[in-house]
Amino acid sequence: MTTTRSGAKAESSPKKENGEVAGSKHQLDAKATPVSKRGKKDDNKKQQTIEDIIPSPTEAYGNDKNQPPANGDKKEDQNKNGVAEEKKVDHEDSAEQKGAREGVVPSNILEKGLIYVFIRGRVGIDEPSSIDDIRRSYIVLRPLAKDAKLGEGTIDDAGNSRLIAIPKKVFPVSGRDRWIAFVEKSHASFKTLKDDFLSAEDYTTKTAGVRHTPAATPVAEGVYAITSTGRENHLAYMITLPEDLGEVQKEIGLKEKGSFIISTRNPQYEAPKGTALPQGPDYPKEVLDEFRALRWMGTQPKHLNYPNTQFLLIGESSGIQKATEPQKDQEDGQEKPIEELEKLEDEDTHRVEGLQGDDSEAIFADLHARAKDYPKLQTTF
């Protein structure tokens, strides 16, 4: 179903409900050694036993003393392991207006940006008619400068986008829901996303002949922030498009305002059963050292700059309240995290209203792609 933008969203206030998550330390087994196992190809079977072996919300974190300092502001140069430096592009006509929010963004917002959600149908299924028809869900994170605001127009291609795969297909909605996601691409240009992700592909197998992998279908666009609340880190988001969530968005677990606790897996340990990737992330020593004796640690933005990073998504039924709590060390003159995220969402709402066409055309214009080459934003099965 094609959606259109009929006007600005009314200003909304966050729902405030209480939800606490505590943590306990995971100690290193001195005999444990890193082991990589090739995962099964069947996406449904791949995640069936995760809940039995991955940490619960109260086990995923160590105590505060074991958390490294938040350094989401630090930009990484190219390192000896070959991770590319973020490409810097600064065009005057970009919607990203750097420096406009200087000094007012709270320090516990480690990163903010634009988020896009896609689904891809199973082989041969171009238009999924149910969750069962979806092979995998994805999110694309396009970070913005922390001191930036959004003006009019589309976003420049800064070559810093990340493609994150959700093998479970749906998003966790409560603390009982917890499963693994992984970084498929980092430092990706929009051209790379178009060529290697968005587009359909036909290929030939010896047994089944020509097989068809469908194009990725957009289901949402919005803004996000990676935040730290001391013991935990969170990925909070607000959906801008579609204006009203449809059947597809609700079925895969999206909310108008939502959040997940996010925790990065220490690759020096064996992966939980059924989740191992053929290859782990190529972290430099300084990143590995930050894990100390923990199997999991609060996800830092820099972790997402390494392909094959695996991180735990834990649902938060309280919405974004916990993720956007102001911290005690917040400086005078800084916005509250919820105010900063709402301001960014309001800017994004006005920005996409100024783009031509329907919701699908707005999303693909952002990604520097032609909407007519790809499926429409889907809201119903």
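Let me sum up the structure you'll find in this document. All figures in this text were calculated on a predicted structure; none of them were measured in a lab. (Residues numbered from 1 in each chain as written. Predicted model: local features only at pLDDT ≥ 70, side-chain atom pairs only at ≥ 80, totals over all residues. Heavy atoms only, no water.)

## Some details on the overall build of the protein chain
Then, in step 1: Each helix and strand counted, the protein chain has seven helices and 13 strands in total.
Then, in step 2: By element, 44% of the accessible surface of the protein chain is carried by carbon and sulfur atoms, the whole surface being about 17700 Å². (Helix = DSSP H or I, 4+ residues; strand = E, 2+ residues; numbered from the N terminus. Areas by Shrake-Rupley, 256 points an atom, 1.4 Å probe, with all protein chains shown as cover.)

## Structural notes on helix α6 (residues 337-353)
Then, in step 1: Relative to the 24 Å expected for 17 residues at 1.5 Å per residue, α6 spans 25 Å between its end C-alpha atoms, a close match to the ideal helical length.
Then, in step 2: Listed as buried for α6 are P337, I338, E340, L341, L344, E345, E347, D348, T349, R351 and V352.
Then, in step 3: Residues of α6 that are buried make contact with β2 (109-121), β3 (134-144), β4 (149-150), β9 (217-228), β10 (233-241) and α7 (359-366). (Expected span 1.5 Å × (residues − 1). Buried < 20%, exposed > 50% of the residue type's maximum accessible area, 1.4 Å probe, protein only. Contact = heavy atoms within 4.5 Å.)

## Section: the packing of aromatic side chains
Then, in step 1: Going through the model one piece at a time under the given rule, you end up with seven aromatic pairs.
Then, in step 2: Pairing F171 with F260 gives two aromatic rings, centres 5.9 Å apart and planes at 20 degrees, and the pair type is stacked. Here F171 is found in the loop between β5 (161-166) and β6 (178-188), whereas its partner F260 is found in strand β11 (residues 257-265), with 89 residues between them in sequence. An identical accessibility class is assigned to F171 and F260; each is buried. (Phe/Tyr/Trp six-rings, centres within 6.5 Å; stacked < 30°, edge-to-face > 60°.)

## Notes on the environment of E342
Then, in step 1: Locating E342 in the fold gives a position in helix α6.
Then, in step 2: Judged by relative accessible area, which is 22%, E342 ranks as partly exposed.
Then, in step 3: Each C-alpha atom, one on E342 and one on Y224, is 10.0 Å from the other, the two residues being 118 residues apart in sequence.

## A closer look at the environment of A323
Then, in step 1: Inspection of the secondary structure puts A323 in the loop between β13 (310-315) and α6.
Then, in step 2: A relative accessible area of 0% means that A323 is categorised as buried.
Then, in step 3: A C-alpha to C-alpha distance of 5.6 Å links A323 and H234, two positions 89 residues apart in sequence.
Then, in step 4: Dropping the residues within four chain positions of it, A323 is found in contact with T227, T229, H234, A236, S259 and E316.

## What about the side chain of E290?
Then, in step 1: Examined against the element boundaries, E290 turns out to sit in helix α5 (residues 285-290).
Then, in step 2: On the accessibility criterion, E290 (17% relative accessible area) is buried.

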